[in-house]
Amino acid sequence: MLRQDFSRGDPKRRNIDYRKTQFAEPTFKEIEYPHRLNLYELPPTADITLEQFEQWAIDRLRILAELEACSFRNKSLPETAEHMKPLLEKYLPLDTNTSNSTKLAAERQKDHYSHFILRLAFSSTEDLRRRFSRVETTLFRLRMSEESMRERNAFVQTLNLDCELVSDEERTKYKDELAAISGAKKATEEEIWYKVEWDRVPELVEGRRVFLKAGKAYVPSKEQASMVVAEFTKRLDRSLEMTARALPRLDEDDRLSPILDHLSKNFITPDVSYGSGTSSVPGADISARNIDALSSQFPLCMQHLHRSLRRDGHLKHYGRLQYTLFLKGMGLNLEECLVFWRSSFHKFTDDTFNKEYRYNIRHAYGDVGGDSNRRGGGYGPFSCQKILTEHPPGPGDSHGCPYRHFNLENLTALLQSTGITDRSVLQGVKEDKESQKFHMACNRVFEYVHKNEIKRAKDEGVMTSAQLETIVHPNEYFKRSYLLKNLGKVNSEDVKMEG
Amino acid sequence: MPHSVSPGSRSPPTTTEETMADVAVPTGDSQATDVTMAEAPNGNGDENKDVKLEDLFDDDDSDDEFSNTKRAQNKASSPAAAPTSPIDVETDFKASDPEIMRMFYQRLFPWRYLFQWLNHSPTPTNDFSHREFALTLPGDIYSRYNSYASADLLRKDILLKMPSRFEIGPVYTTNPRDRKTMRNQSAFKPLSKELCFDIDLTDYDDIRTCCDKANICGRCWQFMTMAIKVVDAALREDFGFKHIMWVYSGRRGAHAWVCDKKARSMDDQKRRAIAGYLEVIRGGAQSGKKVNIKRPLHPHLSRSLELLAPHFQGDVLESQDPWSTPERAEHLLSLLPDRSLNDSLRRKWDSAPGRASAAKWADIDALAKSGASRNLDSRALLEAKQDVVLEYTYPRLDIEVSKKLNHLLKSPFVVHPGTGRVCVPIDVSSPQKIEAFDPLAVPTVQGLLAEIDAWDGGHVKKEEGEGSAGKSLQDWEKTSLRPYIEFFRGFVLALMKDERVPKVKREREEGGMEF
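Residues numbered from 1 in each chain as written. Chains lettered and ligands numbered in written order. Predicted model: local features only at pLDDT ≥ 70, side-chain atom pairs only at ≥ 80, totals over all residues. Heavy atoms only, no water.

S.K.: I tried to follow the overall build of chain A on my own but got confused; where do I start?
M.R.: Of regular secondary structure, chain A possesses 28 helices and 4 strands. Per-residue burial over chain A gives 47% buried out of 499 residues. Across chain A, the fraction of contacts at a sequence separation of at least 24, relative to all contacts at a separation of at least 6, is 68%. In the form shown here, chain A has an accessible surface area of approximately 26,500 Å², with 50% of it arising from carbon and sulfur atoms. (Helix = DSSP H or I, 4+ residues; strand = E, 2+ residues; numbered from the N terminus. Buried < 20%, exposed > 50% of the residue type's maximum accessible area, 1.4 Å probe, protein only. Contact = heavy atoms within 4.5 Å. Areas by Shrake-Rupley, 256 points an atom, 1.4 Å probe, with all protein chains shown as cover.)

S.K.: Explain the packing of aromatic side chains to me, please; I cannot follow it from the model alone.
M.R.: Any two aromatic rings considered together are summarised by their centre-to-centre distance and by the angle between their planes. All names here are of chain B. Under the definition given, this model contains 53 aromatic pairs over all chains. Where Trp117 meets Phe488, the ring centres are 5.9 Å apart and the plane angle is 70 degrees; that geometry is what we call edge-to-face. Linking Trp117 in helix H7 (residues 111-119) with Phe488 in helix H21 (residues 482-499), this pair joins segments that are 371 residues apart in sequence. Of the two residues, Trp117 and Phe488, neither departs from the other in class, the shared state being buried. (Phe/Tyr/Trp six-rings, centres within 6.5 Å; stacked < 30°, edge-to-face > 60°.)

S.K.: What's the story with the interface of chain A and chain B in this structure? I'm lost.
M.R.: Interfaces are often described in size by the accessible area the parts lose on coming together. Residue-level contacts link 35 residues of chain A with 38 residues of chain B. Carbon and sulfur atoms supply 56% of the area that chain A and chain B bury against each other, a total of about 2,800 Å² over both sides. When residues of chain A are sorted by the area they lose upon contact with chain B, Trp198, Arg208 and Pro395 of chain A head the list and together hold 27% of the total. If you look at where chain A meets chain B, you find 2 salt bridges. (Buried area = accessible area lost by both parts, 1.4 Å probe. Salt bridge = Lys/Arg side-chain N within 4 Å of Asp/Glu carboxyl O.)

S.K.: Sorry if this is basic, but what is going on with the pattern of salt bridges here?
M.R.: Oppositely charged side chains may form a pair once their charged atoms are brought near each other. All names here are of chain A. A complete count under the given rule lists 61 salt bridges over all chains for this structure. The partner of Arg235 in a salt bridge is Glu41, with the nearest N and O atoms 3.6 Å apart. Of the two residues, Arg235 sits in helix H11 (residues 224-246) while Glu41 sits in the loop between helix H1 (18-21) and helix H2 (50-72), which places them 194 residues apart along the sequence. Across the salt bridge formed by Glu203 and Arg141, the nearest N and O atoms sit 3.5 Å from each other. A residue pair is termed long-range when its members are at least 10 positions apart, and Glu203 in helix H10 (residues 202-206) and Arg141 in helix H5 (residues 126-146) qualify at 62 residues. Assessed through its relative accessible area of 35%, Glu203 is described here as partly exposed. Residue classification places Arg141 among the partly exposed residues on the basis of a relative accessible area of 29%.

S.K.: Help me out: how do you make sense of H5 of chain A in this one?
M.R.: An α-helix turns once every 3.6 residues. As a result, residues three or four positions apart point the same way. Taking 1.5 Å per residue, 21 residues should reach 30 Å; H5 of chain A reaches 31 Å between its end C-alpha atoms and fits that length. Capping of H5 of chain A at its N-terminal end is provided by Thr125 of chain A; its side-chain oxygen lies 3.2 Å from the backbone amide nitrogen of Leu128 of chain A. (Expected span 1.5 Å × (residues − 1). Polar contact = N/O pair within 3.5 Å; in protein donor to acceptor, adjacent residues only side chain to side chain.)

S.K.: I would appreciate a short explanation of unusual backbone geometry in the present structure.
M.R.: For residues other than glycine, phi is negative in most cases, and the peptide bonds are mostly trans. Residues Arg295 of chain B and Pro296 of chain B are joined by a peptide bond in cis, for which omega reads -5 degrees. Looking at the element boundaries, Pro296 of chain B is found in the loop between helix H12 (268-278) and helix H13 (299-318). Within the chain, Gln436 of chain A stands out as a residue other than glycine whose phi angle is a positive 65 degrees. One can find Gln436 of chain A in the loop between helix H24 (423-434) and helix H25 (438-449).

S.K.: Looking at this model, I keep getting lost on the sheet that holds strand E5 (residues 195-200) of chain B. Mind explaining?
M.R.: Backbone hydrogen bonds are what pair the strands of a sheet, in a parallel or an antiparallel way. Residue and element names in this part refer to chain B. Read from one edge to the other, the open sheet built from 4 strands follows the order E5-E7-E6-E9, with strand pairing classed as antiparallel. Two strands bound the open sheet, and with one partner strand each, they are E5 and strand E9 (425-426). Direction of pairing for strand E6 (residues 244-248) relative to strand E7 (residues 253-258): antiparallel, over a ladder of 5 bridges. Residue pairing for E7: Val247 is matched across the bridge by His255. (Pairing = 2+ DSSP bridges.)

S.K.: In this structure, what is going on with the packing of H2 of chain A against helix H3 (residues 77-91) of chain A? I would like to understand it.
M.R.: When two helices pack together, you describe them by how their axes are tilted relative to each other and by the distance separating the axes. Residues and elements named next belong to chain A. For the pair H2 and H3, the least separation of the axes is 10 Å and the interaxial angle reads 170 degrees. Accordingly, the angle class assigned to the pair H2 and H3 is roughly antiparallel. Residue-level inspection shows Asp59, Arg62, Ile63, Glu66, Leu67 and Cys70 of H2 in contact with H3, the latter providing Thr80, His83, Met84, Leu87, Leu88 and Tyr91. Of the residues that constitute the contact of H2 with H3, the class distribution is 7 nonpolar, 2 polar and 3 charged. (Axes fitted to C-alpha atoms, helices over the stretch in contact; angles between N-to-C directions. Parallel < 35°, antiparallel > 145°, perpendicular 65-115°, else oblique. Nonpolar A, V, L, I, M, F, W, Y, C, P; charged D, E, K, R; others polar.)

Pasting the structure below:
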């Protein structure tokens, strides 16, 4: 395997070229795995067969792909854990020290090796690196949360996280503040607090889960996990960079390269694959003046944007972006899109429109902007995942997902105004919202609105069940909605064409 | 500081020529000039002689960054001097008038301190030369990735291109001008930038009643005062930042520049963390309750509440009267937890239309105490009331500005093209000073140019009497911009002092030991 950390060796013998030593006999032939968790600092050195190489990598890839799917479906950590449990047992079992399993060493070796194989496969591009690091972090967090307190502490001790214990003196000084963080008054007396630079725990700072004073974060011991996770991500990101730089030297190896290539191709995102080509609807009149008519087929988020636009004659930045890209995904071309926005912003003068808004729209279509933007044809339409998780709406904004970003009364009012008054549907939406299953709510509404057509489509076998699976993209919503609505018409046209 | 133009060689002939031209102007005559003559303390032919004299003295002053000649005085006077009140000026002459802007950049803009501020050292470093400047050129051309090796080159280019405003971006790995010539394009990355915050009063439109859109008045500026207090306290006390400069954005908002070395080098994730830490008001127009925070209150929030509570009574309840109409009062009720209490409040308010918001706010507690609701959860009510206070006072940040390393933000001291006001720093060293800042009294570019003329006029007279030339002042020192530039200078000096590496001294010490 590839070595990444070229140790500098003894400083007094610095003149020895490290390149000459890199093929020297490795000092660690067999790595011991005292802990279940692994920060993957040292690369493996023992020999494995090519078959093992491929099989182990594929097994881990299955897990990672499933983890990513869970995050797309917006599952919480406990839900993901439950979902992953059988899969992990099947493909990547990892028993605890107390389990007395005989396969302990083999399991850990597989975990270790497969991680490094995928590191090779996913270090080539920025995008792959980011995704790999994200899902590996999820996996690590998952395992960490299952770990018993004792094993976790033993593991953490080996990490050398340099963090200072908060002294008793300071603990009494900031008694009230610390109590406010931990949430319980008594516990602070016994609880252990760590003091670190705040930028070591950005996640905790963002969620206001630590006490800050003069640049230091006071971290309660229960949040230590997140410190370890942050450390894991930091080290992984750094070594992925290193791997990427070392990767070209692997080109000469004709045994591994094809396998690695194949692996990374199998790790595609549903997100990226949604280009404008796949979502356009055949036969539909997609033009600026037809948007009003089509808007009844839009998912709720886009209907809301459309209504806000018609009501105010204006949308704020992210609203415009989300809506423009949706329209683009529908197949509305740039000229029509500019016509649409121009006529919608009727309160503005031509001059203001050209100055303030025109460029953004053209940028979204890749008509202007940097080289990569133009070559890439602008941005892709936002998926539900993106709408749900990125850029939550602020005051005066109307973008986002109504199921998530509206309160219940406003959501119900909006649904009713689009003609959904069925009590059971509204009740279902309410429950979905409470359990944070926003996709479910949206799909529930879709199924209710199109219940007759879906039934017909299924009966006639026009659409396969694969075509009717859960919607995770606003453009898919529209496309399916349009196809179902025009089920008869499209077919009859087809017949005519044939005849 | 390098001086690209040597003052001595340039001036004497130019001055003579221009003075000659100036003499010609009154005879050629325009209305505006007539006004000037009337307004200027001693505006007549005599003045022109003195002008020449003073010019010569001025040129002895080696600092030509702020040219303080009166070369173009009559030209400047014609647009600027006519009316005295700045508001009237706006109606007469647009601040974006290229001639006025040229004057401003030439005579008033603090180039040297801007340079030192971004450079963190008196001698040019990469911190300045790899810094992106984005210029908004006439005709709404937006020119990005400009960079300059020194303050003089920046000044020259600005005077050449005359942007209506310019923005400051991050320091890049290489000179932004050379980004296309690099072999490896992806190596062109932003390295560091001040941590910035942008607060805009338009985001307060759903809670302010006095103004909307781009308009502001003294009453709604109070929201900005509160915002500055809260954010400034958090940045200093919690994160330990020291060099924080607040700048009036020229119309309806304020920017904060956190310039500490540690803040500048933060990556996007850390910026996001700070932004998230400070962000409390979340949710769009339709999300109902915008404040959702967990209890017990985080120390940052309890401190913020303490800072905001006094403002809430005076600046919100009394001054804004936010729940005067039934619809707005209904929004208040939707934020309170207890249904039967809400019903009795609604009855009470319906029977007394026009009841003041302060009275309505007091009603909540009064009715709760009188037992309007049998199973009232007084804790939930208290928390809901805290949330209401936060929703109506807590800063509403334009969070995207803070999250990204490569976000551009308008430079301090440029002129807002719409209002003509200069983007001046706000002194936040004490709560009183923050409260004392009045955005409507900020100097406008037209007013400043008039002040120079007035000062020169007055001074000339005095000099004549005393017979001494006195020490020459830079132009900004003659105007009401002076306190702001002095404040900026102090800020920059403190920053540079902290950045200075005490390397030289140590080396010398070691040298002494060895021999």
